[in-house]
Amino acid sequence: MRMSKKNSLIATAAAALLAVGAGALPAAASAAATTTNFANLPSGASPWGIAIDSSGNVYTANAALDTVSKIDSSGTIVATYPTGDNPHGIAIDSAGNIYTANYSSNDVTRIAADGSTTTIAPTPAQLNPYAIAIDSSNNVYVTNEGSRSVTKITTGGSATKFNSTNTGVTPRGIAIDSSGNVFTANYSLNTVSKINSSGVIVATYPQATVGAYGQPEALAIDSSDNLYVTTFVTVSKINSSGTLVATYNLGSATPSPGGIALDSAGNIYTSNSSFRTVITKTTQAGASSTYGSSSSSLWTSPGGIAFNSSGVLFVANQGTNNVSTIAELAAPGTPPAPTAVAGDGSATVTVSAGAGGALRPATLVTACTGRAIPAPSPARQPHAPSPASQTAPPTPSPQRQPTPPAPRAPPQRQARSAQPPRALHQARRRRQLQLLATGRQRSPSAQAAAAHRPATPSRPAPAAKPAPSPARPAHAPSPA
């Protein structure tokens, strides 16, 4: 049955609505996450900093035990290394060497890949090493909270004061941009110092830039050299020119974030030590979400945070002496609008999944027949056409044409006898008289003669002529 244009449009609309109703369109959704207890540390460890190597091993600086725990990717502690007193910051260079900033012993511990340890003491002595950062050449930089300085340790083991003049009071967080500039978060002075690769302080960002609430502590830099600074309540984003471009509020209370990390999409994560059980995620647009609550047992007093290569966030929890993880589930994107094409008695609907989304099976129903047509499974990929089919259109198969009937030949008339007209008339007259005389019966001789005559096509019988009047004698045949 061929559909009218109106019915065809109705079929198209009905099929599209059925596709939506069956769940064929992956709807946009907010990101979800799973949180787990990754590893339990020794009792009283009080892990401060955390770092992850290229193989996925996790390292924690255990401030109360003066050790570093190495945890493999399954969550098992496979090694414990001694450090100086009260290790805070921890970092790993590209060669696999581990460095800890030992706050109370005023030195740095280097743990080689083979597990051997070396103590590095800067000259002149620097007080209260706090945080560590490593540049692309494996030079190590350490903030010294008590001496308002930065120590630089070369790959050869030389350790000297890096900055020619003092930083702001109580430098804590540290970060390095792609040009080798070093930034320090000066907690007590509410400023950030920028030190070039020669050790000269070339800029000081005031509290108006760093954040009105003050107390900057943790620093991070993205791939575009934007600097992120945590303050008592906010995160400030400062571009490479030193201009404040965004301020993200972490809440109406006082979270006092002590750790910061950026994921591959530019989302900002902070560990809020004053909230004790909360990790905050903030997008570049300023939308925020939190992980953890007052009843959470996965973490208490989160400190250092770091991402592994798979995008899983690891959290060192000082209060519960463990490491927890947050693995986000990718949210499906918004798909394009479906397209529908009407046909005879049915409609075809095409639905494309958006980024991050999966196309779920749907059932489309034809508008006229009501037949259910299962949609393709999302796992099956459409068959790619061959190059030949892309370059040349398919050749239509020839259709069989009906064979016209052969023209019917006209009936062949037998040639008349070559007798003169008068003789022919006389012979016909004689036959008529014989039929009348014998009651329309032929004589044997006439039948024999008729059998030897060639057949002639049937012709309509001539109309009978009236019988001759009896008063009139029959015409006698001529002797000839």
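For the structure, check the block above.
No experiment lies behind these values; they were computed from the predicted model shown.

1. Focus on the overall build of the protein
Next up, step 1: Looking only at helices and strands, one finds five helices and 32 strands in the protein.
Next up, step 2: Expressed as a percentage of its 480 residues, the buried residues of the protein come to 39%.
Next up, step 3: Contacts in the protein between residues far apart in sequence, at least 24 positions, make up 40% of those at least 6 positions apart.
Next up, step 4: Entry remark: accessible area of the protein is about 26,800 Å², with carbon and sulfur atoms responsible for 54%.

2. Considering the pairing of strand β15 (residues 182-186)
Next up, step 1: With five of five residues buried, β15 is to be regarded as a mostly interior element.
Next up, step 2: Here β15 shows no split at all, with Val182, Thr184 and Asn186 on one side and Phe183 and Ala185 on the other all buried.
Next up, step 3: Pairing geometry for strand β14 (residues 171-176) and β15, over four bridges, is antiparallel. Within the sheet, the bridge partner assigned to Ile174 lies in β15 and is Thr184.

3. Focus: the nonpolar core
Next up, step 1: Of all hydrophobic cores here, the largest spans 13 residues; its most connected members are Phe38, Ile50, Val58, Ile71, Phe314 and Val323.
Next up, step 2: With residues up to four places along the chain from it excluded, the contact list for Val323 reads Asn37, Phe38, Ala39, Leu41, Ile50, Thr60, Ile71, Phe314, Val315 and Asn317.

4. Side note on empty space enclosed by the protein
Next up, step 1: Under the defined criterion, the tally for this structure stands at one cavity of 30 Å³ or more.
Next up, step 2: For the largest cavity, the calculated volume is near 40 Å³.
Next up, step 3: Lining the largest cavity are Asn106, Asp107, Val108, Pro122, Gln126, Pro129, Val142, Asn144 and Thr151.
Next up, step 4: Of all the secondary structure elements, the ones that give two or more residues to the lining of the largest cavity are β8 (107-111) and β11 (140-144).
Next up, step 5: A per-class count over the lining of the largest cavity returns four nonpolar, four polar and one charged.

5. Here's the deal with the sheet that holds β14
Next up, step 1: Overall, antiparallel pairing links the four strands, which are arranged β14-β15-β16-β17 in an open sheet. Here the strands that pair on one side only, and so sit at the sheet edges, are β14 and β17 (201-205). Each strand axis lies, on average, 20° off the axis of its neighbour in the sheet, ignoring direction.

6. Notes on the environment of His88
Next up, step 1: Mapped onto the elements, His88 comes out in strand β6 (residues 87-92).
Next up, step 2: Considering only alpha carbons, one finds His88 and Pro129, 41 residues apart in sequence, at a separation of 7.9 Å.
Next up, step 3: Residues in contact with His88, not counting those within four places in the same chain, are Trp48, Gly49, Ala61, Ala101, Tyr103 and Tyr130.

7. Some points on the sheet that holds strand β13 (residues 159-161)
Backbone-to-backbone hydrogen bonds join strands into a sheet, with any given pair of strands oriented parallel or antiparallel.
Next up, step 1: The antiparallel open sheet is built from four strands, whose spatial order is β10-β11-β12-β13. Bordering the open sheet on either side are β10 (129-134) and β13, each of which pairs with just one other strand. Strand-to-strand twist of the sheet, defined as the mean angle between neighbouring strand axes without regard to direction, takes the value 25°.
Next up, step 2: Here β10 pairs with β11 via four bridges, running antiparallel. Paired with Ile134 across the two strands is Val140, which belongs to β11.

Criteria and cut-off values
- Residues numbered from 1 in each chain as written.
- Predicted model: local features only at pLDDT ≥ 70, side-chain atom pairs only at ≥ 80, totals over all residues.
- Heavy atoms only, no water.
- Helix = DSSP H or I, 4+ residues; strand = E, 2+ residues; numbered from the N terminus.
- Buried < 20%, exposed > 50% of the residue type's maximum accessible area, 1.4 Å probe, protein only.
- Contact = heavy atoms within 4.5 Å.
- Areas by Shrake-Rupley, 256 points an atom, 1.4 Å probe, with all protein chains shown as cover.
- Pairing = 2+ DSSP bridges.
- Core = buried A, V, L, I, M, F, W, Y, C linked by side-chain atoms within 4.5 Å.
- 1 Å grid on protein atoms, 1.4 Å probe; cavity = no way out; pocket = protein on both sides within 12 Å on 5 of 7 lines; lining within 4 Å.
- Points joined across faces, edges and corners; volume = space filled by probe spheres on them.
- Nonpolar A, V, L, I, M, F, W, Y, C, P; charged D, E, K, R; others polar.
- Axes fitted to C-alpha atoms, helices over the stretch in contact; angles between N-to-C directions.

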